[in-house]
Each structure stands twice: as C-alpha cells, then as structure tokens.
Amino acid sequence: EDTSLRVAVSLYLDMLNDVRRNAAYHLALQQAVKPGDTVLDIGTGTGLLAMLAAKVNQEAATSVFACETFPPMARLARRQIAANGLAHRVTVVGK
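Here the structure is a predicted model, which means the values were calculated and not measured. (Residues numbered from 1 in each chain as written. Predicted model: local features only at pLDDT ≥ 70, side-chain atom pairs only at ≥ 80, totals over all residues. Heavy atoms only, no water.)

A.B. asks: Account for the side chain of Asp 41, naming residues and giving values.
C.D. replies: Residue placement: Asp 41 occurs in strand 1 (residues 37-42). Despite its burial, Asp 41 remains without a salt bridge, the nearest opposite charge being carried by Arg 21 at 8.2 Å. A polar atom in the side chain of Asp 41 sits 3.4 Å from the backbone nitrogen of Ala 50. Beyond its immediate chain neighbours, meaning those up to four positions away, Asp 41 contacts Leu 49, Ala 50, Phe 65, Ala 66 and Cys 67. (Helix = DSSP H or I, 4+ residues; strand = E, 2+ residues; numbered from the N terminus. Buried < 20%, exposed > 50% of the residue type's maximum accessible area, 1.4 Å probe, protein only. Lys, Arg positive; Asp, Glu negative; His and termini not counted. Salt bridge = Lys/Arg side-chain N within 4 Å of Asp/Glu carboxyl O. Polar contact = N/O pair within 3.5 Å; in protein donor to acceptor, adjacent residues only side chain to side chain. Contact = heavy atoms within 4.5 Å.)

A.B. asks: Tell me about a nonpolar patch on the surface, residues and numbers included.
C.D. replies: A cluster of nonpolar side chains, Leu 40, Ile 42, Phe 65 and Val 93, forms an exposed patch at the surface whose accessible area comes to about 390 Å². Looking at the secondary structure, you find Ile 42 in strand 1. Note on Ile 42: relative accessible area 67%, which makes it exposed. (Patch = residues over 30% accessible without salt bridge, like charges linked within 9 Å, V, L, I, M, F, W, Y side chains within 5 Å. Areas by Shrake-Rupley, 256 points an atom, 1.4 Å probe, with all protein chains shown as cover.)

A.B. asks: Any details on the environment of Arg 89? Residues and values, ideally.
C.D. replies: Inspection of the secondary structure assignment puts Arg 89 in the loop between helix 4 (71-83) and strand 3 (90-94). The exposure class assigned to Arg 89 is buried, which follows from its relative accessible area of 11%. The sequence separation of Arg 89 and Ala 50 amounts to 39 residues, and the corresponding C-alpha distance is 9.5 Å.

Coordinates in, geometry out; function isn't part of it.
Right under this line is the structure:
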C-alpha cells in the first residue's frame with residue numbers, strides 16, 4: 001500500500017502544483033457554489049477541489065461529498081481534509 005500511495009501521489013503532483021488550473025477551479029467554485037448547496041466531487045484524488053468547494057465561503061457548501069475509488073487516495077484525502085479542519089463539511093466516499 002505504501003508504494004501504491006507514493007505512485008498515486010506522484011501522479012497528482014502536476015495538478016497540485018498547477019497554480020493557474022487551481023485558481024481557475026477556485027474561481028469557478030466561487031461563482032457556482034451557493035449557500036446551502038451540496039457539492040459532489042467525483043474522483044477527488046487528494047481532496048483539493050472538495051476542500052476548495054467547502055471553503056468557497058464559510059456558508060457556501062453545506063456539505064461536500066468527495067468520491068474516490070482508489071483506497072489509498074481515499075485515505076489520503078480523508079487525512080488531508082481532517083488536517084485542514086474540514087472533516088465536518090467534507091465526506092469522502094470510498095469504493
């Protein structure tokens with residue numbers, strides 16, 4: 001599992017470090033997510049977009065469901081979401 005997690009994380013590094021991409025997603029989420037909405041993130045990976053959706057504004061997304069079929073990534077997403085204090089707003093749904 002440790003090796004497969006390292007490989008999976010390395011595949012996400014380009015996306016995580018793409019500042020323009022992430023800024024564009026953040027802007028889109030700010031425009032789309034309204035107070036009381038429920039957000040579904042399919043293929044959450046590290047959970048970055050789910051966390052952005054949860055933080056658009058303090059009241060925007062009532063709840064975010066982040067789906068991830070690769071168990072090591074789902075566990076990583078849960079850890080990252082908890083470490084960012086968002087476990088009460090983001091639920092990771094694994095396979």
